Amino acid sequence: DYLNQPLAPLSTASRRFSASKSTALDLQAGVDAAASAAASSAAAPPPPPTLVPITPSMYVPGRMVDPGTLTVDLGTGYYAEMNPKQAAGYFERKVEAVRVQMEIAQGNATQKRQQLEAISIVIQGKMQQQANAQGASG
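Conventions adopted
- Sequence order sets the numbering: in each chain, residues are counted from 1 along the sequence as written.
- Only residues with pLDDT of at least 70 get local features here, since the model is predicted, and only at 80 or more are side-chain atom pairs given and counted; chain-wide, interface and lining totals rely on the full set of residues.
- Side-chain descriptors were evaluated using all non-hydrogen atoms of the structure, hydrogens and water having been removed beforehand.
- Helix and strand assignments come from DSSP, with helices taken as H or I runs of at least 4 residues and strands as E runs of at least 2, each series counted from the N terminus.
- Exposed residues in this analysis have more than 50% of their type's maximum accessible area, buried residues have under 20%, and partly exposed residues fall in between, with area computed by a 1.4 Å probe over protein chains only.
- A contact between two residues is defined here by any heavy atoms of the two lying within 4.5 Å.
- All accessibility values rest on the Shrake-Rupley procedure with a 1.4 Å probe; residue burial counts only the protein chains present in the view.
- The salt bridge definition used is simple: a Lys or Arg side-chain nitrogen within 4 Å of an Asp or Glu carboxyl oxygen.
- Patch definition: residues with relative accessible area over 30% and no salt bridge; like charges joined within 9 Å; nonpolar side chains (Val, Leu, Ile, Met, Phe, Trp, Tyr) joined within 5 Å.
- For two strands to count as paired, DSSP must find a minimum of two bridges between them.

J.: Just checking my understanding: could you explain the overall build of the protein chain for this structure?
T.: Secondary structure summary: the protein chain contains two helices and four strands in total. When its helices and strands are written in sequence order, the protein chain yields α-β-β-β-β-α. For the protein chain, with 138 residues in total, the buried portion stands at 20%. Within the protein chain, contacts between residues at least 6 apart in sequence are counted, and of these 48% link residues at least 24 apart. Per element, the accessible surface of the protein chain, about 9900 Å² overall, is 59% carbon and sulfur.

Shown next as structure tokens:
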């Protein structure tokens, strides 16, 4: 049983990377939607009243007063007013940053998975040697 102890941290890290990848994909989808909305807001007439997301599960009624000015959530409670072109550029940079971080996380996850497989092979070999030694002596 002590042979399986090195696997625990690597298994945990592998699960964490998988969860992070899922979260990053969700984030990228949200940023893509925001970029699309920002790009299309300049050409469109003011939309009728709508629901504005405050959190993933809470919305409040709202309406766009000036389609030429957007309030962009920069994160951690900071907002900035931008025109639609600036907002679209901001979201494009954000999407690129998320993509780069996803590639790094994917590389780390692949490396951890390879380490986990290598350790599993060594442990299986040790267990087989132990079983053979017990079979020969008993």
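Now that the structure is up, let's keep going.
J.: Help me understand the pattern of salt bridges in this model?
T.: Opposite charge on two side chains makes pairing possible when the charged atoms of those side chains draw close. By the definition in use, this model includes two salt bridges. Linking Glu96 and Arg99 is a salt bridge whose minimum nitrogen-to-oxygen distance equals 2.3 Å. In this pair, Glu96 and Arg99 both sit in helix H2 (residues 84–137), three residues apart, roughly one turn of the helix. Exposure remark for Glu96: the relative accessible area of 37% places this residue in the partly exposed category. For Glu103, the salt bridge is made with Arg99, and the minimal N-O distance between the two is 2.3 Å. Highlighted residues: Glu103 and Arg99, both in helix H2, separated by four residues, approximately one helical turn.

J.: So what exactly am I meant to see when it comes to a nonpolar patch on the surface here?
T.: A surface patch of nonpolar side chains, amounting to about 310 Å² of accessible area, comprises Val52, Ile54, Met58 and Val60. Along the polypeptide, Val60 turns up in strand S2 (residues 58–62). Accessibility expressed as a relative area gives 32% for Val60, which makes it partly exposed.

J.: Looking at this model, I keep getting lost on unusual backbone geometry. Mind explaining?
T.: Excluding glycine, a negative phi dihedral is what most residues carry, and trans is how most peptide bonds are arranged. Even without being glycine, Thr76 reaches a positive phi, approximately 50°. Mapping Thr76 onto the fold places it in the loop between strand S3 (70–75) and strand S4 (78–82).

J.: Honestly, the pairing of S3 in this entry has me stumped. Any pointers?
T.: Along a regular strand, successive side chains alternate from one face of the sheet to the other. Sheet topology note: the S3/S4 ladder contains five bridges and is antiparallel. When the bridges of S4 are listed, Asp73 appears paired with Tyr79. Linking S3 to S4, which pair antiparallel, is a turn of two residues; within it Thr76 sits at a positive phi near 50°.

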